[in-house]
Amino acid sequence: VRGRSDRVAFANSFRDVYKCRMLYQGTTFMYPIKGALRMSYKPAGRPIHVLYARFDSPDDRYERYVPVGAFDEEPQSERITELVKAARSPFEEA
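The text that follows walks through the structure, step by step, so that each part is easy to find. (Residues numbered from 1 in each chain as written. Predicted model: local features only at pLDDT ≥ 70, side-chain atom pairs only at ≥ 80, totals over all residues. Heavy atoms only, no water.)

**What about the overall build of the protein chain?**
Stage number 1. Of the regular secondary structure elements, the protein chain holds 2 helices and 4 strands.
Stage number 2. Over its C-alpha trace the protein chain gives a radius of gyration of 18 Å, far above what one expects of a compact globule, namely 12 Å for 94 residues.
Stage number 3. Counting only C-alpha atoms and orienting by the principal axes, one finds that the protein chain spans roughly 65 × 30 × 25 Å.
Stage number 4. Partitioning the intrachain contacts of the protein chain with sequence separation of at least 6 by distance along the chain shows that 31% fall at a separation of at least 24.
Stage number 5. Working note: accessible area of the protein chain is about 7,400 Å², and carbon and sulfur atoms make up 52% of it.
Stage number 6. Separation between the mean location of the 16 positive side-chain charges and that of the 13 negative ones in the protein chain comes to 7 Å. (Helix = DSSP H or I, 4+ residues; strand = E, 2+ residues; numbered from the N terminus. Rg over C-alpha atoms; globule rule 2.2 N^0.38 Å. Contact = heavy atoms within 4.5 Å. Areas by Shrake-Rupley, 256 points an atom, 1.4 Å probe, with all protein chains shown as cover. Lys, Arg positive; Asp, Glu negative; His and termini not counted. Charge placed at Lys NZ, Arg CZ, Asp CG, Glu CD.)

This is how it looks when you write it as structure tokens:
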């Protein structure tokens, strides 16, 4: 019979293979969404973090998430802010 410590050690051996975190402005709660940070695993077994900036369509009928950066490690909040602010809307005319 396995003890509690064995079960806890087994549970702790698991790792996240995918996660998606919404990004908000400042300390506001759940609005407005500024972007998203997604983590998944590459075929080589190492994680990749992809940063997305969020844009609303001109008529506010839908939204689009545009990739603005990819990282081997989770980026710092300053870098996230810098990239999301610098992103160009896909709805703007070139």
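**Details of the nonpolar core**
Stage number 1. Membership of the largest hydrophobic core is limited to 10 residues, which are L23, L37, L51, A53, F55, F71, I80, L83, V84 and A87.
Stage number 2. Of all the secondary structure elements, the ones that give two or more residues to this core are β3 (47-56) and α2 (77-86).
Stage number 3. When sequence neighbours within four positions are dropped, the list of residues in contact with F55 reads Y62, E63, R64, V66, A87, R88, S89, P90 and F91. (Core = buried A, V, L, I, M, F, W, Y, C linked by side-chain atoms within 4.5 Å. Buried < 20%, exposed > 50% of the residue type's maximum accessible area, 1.4 Å probe, protein only.)

**Looking at the layout of surface pockets**
Stage number 1. The volume enclosed by the largest pocket comes to roughly 310 Å³.
Stage number 2. Lining of the largest pocket is provided by 14 residues; of these, Q25, K34, T81, V84 and K85 occupy positions nearest its centre.
Stage number 3. Secondary-structure elements contributing two or more residues to the lining of the largest pocket are β1 (18-24), β3 and α2.
Stage number 4. Considering every element that reaches the lining of the largest pocket, the biggest residue donor is α2, with 5 residues.
Stage number 5. Class assignment of the residues belonging to the lining of the largest pocket gives a composition of 6 nonpolar, 4 polar and 4 charged. (1 Å grid on protein atoms, 1.4 Å probe; cavity = no way out; pocket = protein on both sides within 12 Å on 5 of 7 lines; lining within 4 Å. Points joined across faces, edges and corners; volume = space filled by probe spheres on them. Nonpolar A, V, L, I, M, F, W, Y, C, P; charged D, E, K, R; others polar.)

**Thoughts on the side chain of H49**
Stage number 1. Structurally, H49 can be placed in strand β3.
Stage number 2. Relative accessible area serves as the criterion here: at 8%, H49 is assigned to the buried category.
Stage number 3. Within the structure, H49 has its side chain in polar contact with the backbone nitrogen of E74 (distance 3.4 Å).
Stage number 4. Excluding residues that lie within four positions of it along the chain, H49 makes contacts with L37, R38, M39, G69, A70, F71, D72, E73, E74 and P75. (Polar contact = N/O pair within 3.5 Å; in protein donor to acceptor, adjacent residues only side chain to side chain.)

**Considerations on the pairing of β3**
Stage number 1. Within β3, 7 of the 10 residues are buried, which leaves the element mostly enclosed by the surrounding structure.
Stage number 2. A loop of 5 residues connects strand β2 (residues 33-41) with β3, the two strands running antiparallel in sequence, and G45 in this loop sits at a positive phi of about 90°.
Stage number 3. The turn linking β3 back onto strand β4 (residues 63-71) is made up of 6 residues, and D60 within it adopts a positive phi angle of 60°. (Pairing = 2+ DSSP bridges.)

**Some points on the pattern of salt bridges**
In a structure, side chains of opposite charge can pair up when their charged atoms sit close to one another.
Stage number 1. Enumeration according to the criterion identifies 7 salt bridges in this entry.
Stage number 2. Residue E63 is joined to R54 by a salt bridge in which the shortest nitrogen-to-oxygen separation is 2.6 Å.
Stage number 3. Taking the relative accessible area as the measure of exposure, E63 reaches 39% and is therefore partly exposed.
Stage number 4. We classify R54 as buried; its relative accessible area is 19%. (Salt bridge = Lys/Arg side-chain N within 4 Å of Asp/Glu carboxyl O.)

**Description of unusual backbone geometry**
Stage number 1. The backbone of D60 shows a phi angle near 60°, a positive value even though the residue is not glycine.
Stage number 2. With respect to the helices and strands, the residue D60 is situated in the loop between β3 and β4.

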